[in-house]
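# Observations on the model geometry
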Amino acid sequence: MARRTASRSVDHLLTDFGTHLPRQEAAPPAPPPDKPFPKVVGRRGRRQAGHGWAPTLPPLAGYQMTSEQTPVMWPLIAGGGLPPTGAPMGFDVLSGGSFYCDPMGWVNDDSIPVTNPNVFIFGKPGRGKSALVKAFMLRMIRFGYRSLVLGDVKDEYEDISRALGVEPYRIGPGLPGRINPLDVGPLALDWERQDRAETARRGAIIFNRWLALIRGLVGSQQVPFTPTEARIITHVLRDLTGWTTGQTTLAPVTIPMVWKALDDPSEALVEACRYDSRQGFFDSSRALRDALGSLCQGELEGLFDAPSTFQPNWRAPIQTLSLNTLHSAGNEAAVGIALMCLNSWGQGIREMAEPGDRRIVLRDEAWMQTRLGVEAVKTLDSNLRLSRNDGDVQLVTYHKPSDPLSAGDSGSQAAQIAKDLLHLADVRILLGQDEEVANELGHLLGLTRMQQDLVTGWAMQDKGRALWMVGDRRFKVATVLSPIERRLTFTNEAVA
């Protein structure tokens, strides 16, 4: 009897011709409810060729290190992050979490290596520098902070000011606004009710501030300000205010009054400054008189040589002082001098701030001031050093880290002081920069090659991207703006 041959399926026939029918794989059976993982793989793997435990390990060296040591090899590793306090600025790209900015809170937190609330912001024009500043100002309002813009050179903060219901104050040639940088300020309040010790303390603060400003104004014109000039100015200021004669109130003083007192000195002033004659006084103070006289003429005439017409509303969420009209004249030196006057004036009106009255003080385009020379740099330096006492968050904006070094020649005292300014801010924000400044970044701020590449590469690909340096910690942060903030921070009307 012939044996019956087995029949072949269609799949087998098609396989002979190199074709495979598509099949829908059956779903694996559901595991029993009391054993959700029936096939547990052992620690030596599956018993299958090419799988499982290896009898010998590959000859590779293994290393172990902590997360604190790992940044040596990979400095941008996602760490523990910062506490979620202050203004939410965007998100940390590496950790994916929200990133908050709270400079004063960081100072008060011993676990964060920040000892002062100053913030330096560097960024190429168009990389989102002003947008970041405005977003920070707006979002800190809910935490009780008010903002003071001492010198809005390009009128970039007018929109945000008007949106908050505050009309910007304009200063410039042909405008009625006046600021007296020698304003006594709130320290003169209830002066006659204070005892001798308190008036002596307040007087020392006022005269030191005025002397620092005049030193900066004179030094900006390359006129030396020696202890002799300091002694002369101190006597003049004390005479004009009535301090010498023991008046119960301090009389107002302006720069033209100081110049006139030098140009027509009293016998008492000549004697107090230890000159043998008026001619000796004139010969010694000629350069000083000419330097102060030039501030009362030219483009600055009528701006800072009369009593102040601006009375700030300290309860308003923001105050802006516009210098755009002066900036449009194209004289950067005049703008720098104006910024120095405004900074001194702003410091004066903050000398009696109540506890808890915290401010964000913006010093925009600070490079214009630092280029005036060593004395101008010293005034900015003193302002930054007082931030802890005043309870202010000082924001200083530059285009690139080397801008402060333009205060003087390489190795000069001005350049060295300006370089030290970088160490007065424990928070530094680096927005996008060109490749040409990569070496400057690494040299001045101690960045690694990877961090330099981040600033010149990733941060240049979109606005608002920045490397945040909070003490010795580094964060890769992308700023996020709401639609309203985008409208208020748009500054490209001229090129749009």
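Residues numbered from 1 in each chain as written. Predicted model: local features only at pLDDT ≥ 70, side-chain atom pairs only at ≥ 80, totals over all residues. Heavy atoms only, no water.

## Notes on the overall build of the protein chain
Definition in use: The numbering of helices and of strands both runs from the N terminus, where a helix is a DSSP run of H or I of at least 4 residues and a strand a run of E of at least 2. For every residue, the accessible area (1.4 Å probe, protein chains only) is compared with the maximum for its type, and the residue is labelled buried under 20%, exposed over 50%, or partly exposed between those bounds. In this analysis, two residues are considered to be in contact whenever any of their non-hydrogen atoms come within 4.5 Å of each other. Computed with a 1.4 Å probe, the accessible areas rest on the Shrake-Rupley method; for each residue, only the protein chains presented here act as cover.
Helix and strand counts for the protein chain stand at 18 helices and eleven strands. Here the protein chain, with 496 residues, has 47% of them falling under the buried criterion. The contacts in the protein chain between residues at least 6 apart in sequence include a share of 72% that link residues at least 24 apart. Total accessible area on the protein chain stands at roughly 26100 Å², and carbon and sulfur atoms take up 52% of it.

## Quick word on the sheet that holds strand S2 (residues 98-101)
For sheets, the rule is that strands pair by backbone hydrogen bonds, running either parallel or antiparallel. So the rule is basically this: Only when DSSP finds a minimum of two bridges between them are two strands counted as paired. Axes, fitted as lines to C-alpha atoms, cover a helix only where it is in contact. Angles between the N-to-C directions of the axes lie from 0 to 180 degrees.
The strand order across the open sheet formed by eleven strands is S2-S1-S11-S10-S9-S3-S8-S7-S4-S6-S5, and the pairing between neighbours is mixed. Each edge of the open sheet carries a strand with a single partner, namely S2 and strand S5 (169-170). Here strand S4 (residues 146-152) runs beside strand S7 (residues 359-363); their pairing, made up of four bridges, is parallel. Looking at the pairing, Ser 147 lines up with Ile 360 of S7. Along the sheet face, helix H3 (residues 129-140) touches strand S1 (87-92), S2, strand S3 (119-122), S4, strand S6 (318-322), S7, strand S8 (392-398), strand S9 (427-430), strand S10 (465-470) and strand S11 (473-479) and points at about 130° away from the line of S1.

## Observations regarding the nonpolar core
Condition: By convention a nonpolar core is built from buried Ala, Val, Leu, Ile, Met, Phe, Trp, Tyr and Cys residues, the set being connected through side-chain atoms within 4.5 Å.
Ile 233 and Leu 292 are the most contacted members of the largest nonpolar core, which totals 90 residues. Ranked by residue count, the leading element in this core is helix H11 (residues 332-348), at nine residues. Counting 39 residues, the second-largest nonpolar core is a separate cluster that includes Val 149, Val 166, Phe 475 and Val 477.

## Quick word on a nonpolar patch on the surface
To keep it simple, the criterion reads: Excluding any residue in a salt bridge, patches collect residues exceeding 30% relative accessible area, merging like charges within 9 Å and nonpolar Val, Leu, Ile, Met, Phe, Trp and Tyr side chains within 5 Å. Here a salt bridge means any side-chain nitrogen of Lys or Arg lying within 4 Å of a carboxyl oxygen belonging to Asp or Glu.
Residues Phe 91, Val 93 and Val 480 make up a contiguous nonpolar surface patch of roughly 220 Å² in combined accessible area. Phe 91 sits in the partly exposed class, given a relative accessible area of 37%.

## Quick look at helix H9 (residues 278-294)
The following threshold applies: A helix is expected to span 1.5 Å for every residue after the first. To get the bend at a residue, fit one axis to the 7 residues ending there and another to the 7 starting there, then take the angle between the axes.
The end-to-end C-alpha distance of H9 is 22 Å, a good match for the 24 Å that 17 residues give at a rise of 1.5 Å each. Maximum bend of H9: about 60°, positioned at Ser 285.

## Focus on the pairing of S10
Most of S10 is tucked away, with five of its six residues classed as buried. Examined bridge by bridge, S10 and S11 share six bridges and lie antiparallel to one another. Following the sheet pairing, Met 469 is matched in S11 by Arg 474. The hairpin turn running from S10 into S11, its antiparallel successor, is two residues long, and Gly 471 in that turn takes a positive phi close to 65°.

## Structural notes on unusual backbone geometry
At Asp 155, a residue that is not glycine, the phi angle is positive and equals roughly 55°. The topology assignment puts Asp 155 in the loop between S4 and helix H4 (158-163). A positive phi angle is found at Gln 222, which is not glycine, with a value near 60°. Considering the arrangement of structural elements, one finds Gln 222 in the loop between helix H5 (196-219) and helix H6 (227-241). Classification of Gln 222 as exposed rests on a relative accessible area of 65%.

## Describing the packing of helix H7 (residues 255-263) against H9
The geometry of a pair of packed helices is captured by two quantities: the angle between their axes and the separation between those axes. Rules: By the definition adopted for this analysis, an angle is roughly parallel if under 35 degrees, roughly antiparallel if over 145, roughly perpendicular if from 65 to 115, and oblique otherwise. By the definition used in this description, the sense in which the near helix is turned from the far one sets the handedness, with an anticlockwise turn below a right angle giving left-handed and a clockwise turn giving right-handed.
Orientation of H7 relative to H9, taken along the N-to-C sense of each, is 160°, at an axis distance of 9 Å. With respect to H9, the axis of H7 lies roughly antiparallel. Note on packing geometry: the crossing formed by H7 with H9 is left-handed. Residue-level contacts link Ile 255, Val 258, Trp 259, Leu 262 and Asp 263 of H7 to Phe 281, Phe 282, Leu 288, Arg 289, Leu 292 and Gly 293 of H9.

## Describing the packing of H6 against H9
Note the cut-off: By the convention adopted, Pro, Cys, Tyr, Trp, Phe, Met, Ile, Leu, Val and Ala count as nonpolar, Lys, Arg, Asp and Glu as charged, and the other residues, Gly among them, as polar.
Orientation of H6 relative to H9, taken along the N-to-C sense of each, is 80°, at an axis distance of 11 Å. By the angle class used here, H6 and H9 are roughly perpendicular. Seen from H6, the contacting residues are Thr 228, Glu 229, Ile 232 and Ile 233; seen from H9, they are Phe 281, Ser 284, Ser 285, Leu 288 and Leu 292. For the contact of H6 with H9, a count of residues per class yields five nonpolar, three polar and one charged.

## Focus on the confidence of the model for the protein chain
Quick reminder of the rule: Looking at any residue, its pLDDT shows the predictor's confidence there, from 0 to 100.
With 87% of its residues at a pLDDT of 70 or more, the protein chain shows a mean pLDDT of 81. Looking across the protein chain, the model is least confident in helix H14 (residues 387-390), with a mean pLDDT of 70, and most confident in S10, with 93.

## Observations concerning the pattern of salt bridges
Close approach of charged atoms allows side chains with opposite charge to pair. This structure, assessed with the given rule, holds eleven salt bridges. Across the pair Arg 139 and Glu 485 runs a salt bridge, and its minimum N-O distance is 2.5 Å. Pair noted here: Arg 139 is in helix H3 and Glu 485 is in helix H18 (residues 483-488), with a separation of 346 residues, a long-range link. Glu 485 matches Arg 139 in its accessibility class, with the two residues each being buried. A salt bridge links Asp 263 to Arg 289; its shortest N-O distance comes to 3.3 Å. Placement of Asp 263 in helix H7 and of Arg 289 in helix H9 is noted, with a sequence separation of 26 residues between them. On the basis of relative accessibility, which here comes to 33%, the residue Asp 263 falls in the partly exposed class. For Arg 289, a relative accessible area of 9% translates into the label buried. Connected through salt bridges with shared partners, the residues Asp 155, Glu 158, Arg 162, Glu 167 and Arg 170 form a single ionic network.

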